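# What the coordinates show
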Amino acid sequence: MKRLLYCIYQLFIAIPVTIIMTIWTAFLVGLGCTIGNGHFWGYYPGRWWARTITRVFLLPVKVEGRQHLEPNQSYVFVSNHQGAFDIFLIYGYLGRNFKWMMKYQIQKIPFVGYACRKSHQIMVDKRGVGAVRKTYKTARQILESGNLSVVVFPEGARSFTGHMGAFRKGAFALADELQLPVVPLTINGSFDVMPRMRDWHFANWHPLSLTIHQPVYPIGQGLQNVQATMNQAYDSVMSSLAPEYQGFVENPDQ
């Protein structure tokens, strides 16, 4: 009965509010980034949008570890990727101004793609060597500008099982090149709310949590540092996963 009532609530309240908020936020981001401070308008409307959506879906959110972050420090944040609500959780509750490194296909999503382009999110295009180089050049420029971070899902795709797949090296190589700390993030609950196999279906009610781990600082520069940072970040993310999602499971589309 509770499930039925929650679906009815989504149909008549949560989903309409989400659609309206998405359109309004896209308009606000586009206008603000065109005429004003892109640093502000490229982040804060998205943060308000994400918080509104988690609240309108009645999802409790718990955040731990913000004390690990230093003010005015740029970071490369790396997170497991459980489901669609990862976006709302990180955008709404990380509490740092950042840019996403996201698949270029997201540009095709109505309103969302427009807002991403106007706010200069980093579109990861792997259709050629030149496109990949352009992606990382953009990320370097953003991080070198100061007091701005990037968020990456190093698995490359959402999990089919809630478990973590393998990490790719790109984000860690970027952090190594610029000698920036990597901050691992662990998401719990997003797979239970809406796994990728149920995109565009009703959400399930489930608490969400975001754990911000201690930064992993460079121990040098080069392949050894990249591998060591990636391994430590992977272990940190895994350590806070719910017991039922512990352990490596390969994602077939990695």
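Please refer to the structure placed before this passage.
### Describing the nonpolar core
As a rule of thumb, soluble globular proteins bury nonpolar side chains together. In this structure, Phe57, Phe85, Ile90 and Leu94 are the most contacted members of the largest nonpolar core, which totals 37 residues. Per-element tally for this core: the top contributor is helix H4 (residues 86–93), with five residues. Apart from residues no more than four positions distant in its own chain, Phe85 is found in contact with Ile53, Phe57, Leu59, Ser190, Val193, Met194 and Ala203. Ranked by size, the runner-up nonpolar core spans 27 residues in total, among them Val124, Ile142, Val152 and Leu174.

### Looking at the sheet that holds strand E2 (residues 76–79)
Taking strand neighbours across the sheet as the criterion, the seven strands line up as E1-E7-E6-E2-E5-E3-E4 in an open arrangement whose pairing is mixed. The outermost strands of the open sheet, each flanked by one partner alone, are strand E1 (61–64) and strand E4 (122–124). Looking at each pair of strands side by side, their axes are set apart by 20° on average, direction ignored. As judged from the four bridges shared by E1 and strand E7 (residues 208–212), these two strands associate in the parallel manner. The partner of Lys62 across the bridge, within E7, is Ser209. Against the sheet, helix H9 (residues 223–239) contacts E2 and strand E6 (182–188), and its axis sits at roughly 25° relative to E6.

### So, the side chain of Ser159
Mapped onto the elements, Ser159 comes out in the loop between strand E5 (149–152) and helix H7 (170–178). On the basis of relative accessible area, Ser159 is assigned to the buried category, the value being 0%. There is a polar contact of 2.7 Å between the side chain of Ser159 and the backbone nitrogen of Gly162.

### Looking at helix H1 (residues 2–35)
The first and last C-alpha atoms of H1 sit 46 Å apart over 34 residues, in line with the 50 Å expected at 1.5 Å per residue. The sharpest bend along H1 comes to roughly 50°, located at Gln10.

### Points about a nonpolar patch on the surface
A contiguous nonpolar surface patch, about 830 Å² in accessible area, is contributed by Met1, Leu4, Leu5, Ile8, Leu11, Phe12, Ile13 and Phe202. Summarising the element assignment, Ile13 is placed in helix H1. Its relative accessible area of 38% is what places Ile13 among the partly exposed residues.

### Quick notes on unusual backbone geometry
One non-glycine residue, Phe111, lies in positive phi territory at about 70°. Assignment of secondary structure puts Phe111 in the loop between strand E3 (98–103) and helix H5 (112–118). One non-glycine residue, Trp200, adopts positive backbone phi at about 65°. Mapped onto the elements of the fold, Trp200 is located in the loop between helix H8 (190–193) and E7.

### Thoughts on the environment of Thr161
Here Thr161 lies in the loop between E5 and H7. Distance from Thr161 to Glu144, taken between C-alpha atoms, is 36 Å for residues 17 residues apart in sequence. Not counting residues up to four positions away in its chain, the partners in contact with Thr161 are Phe191, Tyr245 and Val249. Engagement of the side chain of Thr161 in a polar contact is seen with the side chain of His163, the distance being 3.0 Å.

### Section: the packing of aromatic side chains
Counted by the stated rule, this structure contains 21 aromatic pairs. Centre to centre, the rings of Tyr43 and Tyr91 are 6.2 Å apart; their planes meet at 35°, and the pair counts as tilted. Taken together, the residues Tyr43 in the loop between helix H2 (38–41) and helix H3 (44–56) and Tyr91 in helix H4 connect sequence positions 48 residues apart. Summarising the burial analysis for this pair, Tyr43 and Tyr91 share the class buried. Lying over the aromatic face of Phe160, Arg196 brings its terminal NZ or CZ to 4.1 Å of the ring centre.

Thresholds, definitions, all that
Residues numbered from 1 in each chain as written. Predicted model: local features only at pLDDT ≥ 70, side-chain atom pairs only at ≥ 80, totals over all residues. Heavy atoms only, no water. Core = buried A, V, L, I, M, F, W, Y, C linked by side-chain atoms within 4.5 Å. Buried < 20%, exposed > 50% of the residue type's maximum accessible area, 1.4 Å probe, protein only. Helix = DSSP H or I, 4+ residues; strand = E, 2+ residues; numbered from the N terminus. Contact = heavy atoms within 4.5 Å. Pairing = 2+ DSSP bridges. Axes fitted to C-alpha atoms, helices over the stretch in contact; angles between N-to-C directions. Polar contact = N/O pair within 3.5 Å; in protein donor to acceptor, adjacent residues only side chain to side chain. Expected span 1.5 Å × (residues − 1). Bend = angle between axes of the 7 residues up to and from the residue. Patch = residues over 30% accessible without salt bridge, like charges linked within 9 Å, V, L, I, M, F, W, Y side chains within 5 Å. Areas by Shrake-Rupley, 256 points an atom, 1.4 Å probe, with all protein chains shown as cover. Salt bridge = Lys/Arg side-chain N within 4 Å of Asp/Glu carboxyl O. Phe/Tyr/Trp six-rings, centres within 6.5 Å; stacked < 30°, edge-to-face > 60°. Lys NZ or Arg CZ within 6 Å of the ring centre and 35° of its normal.

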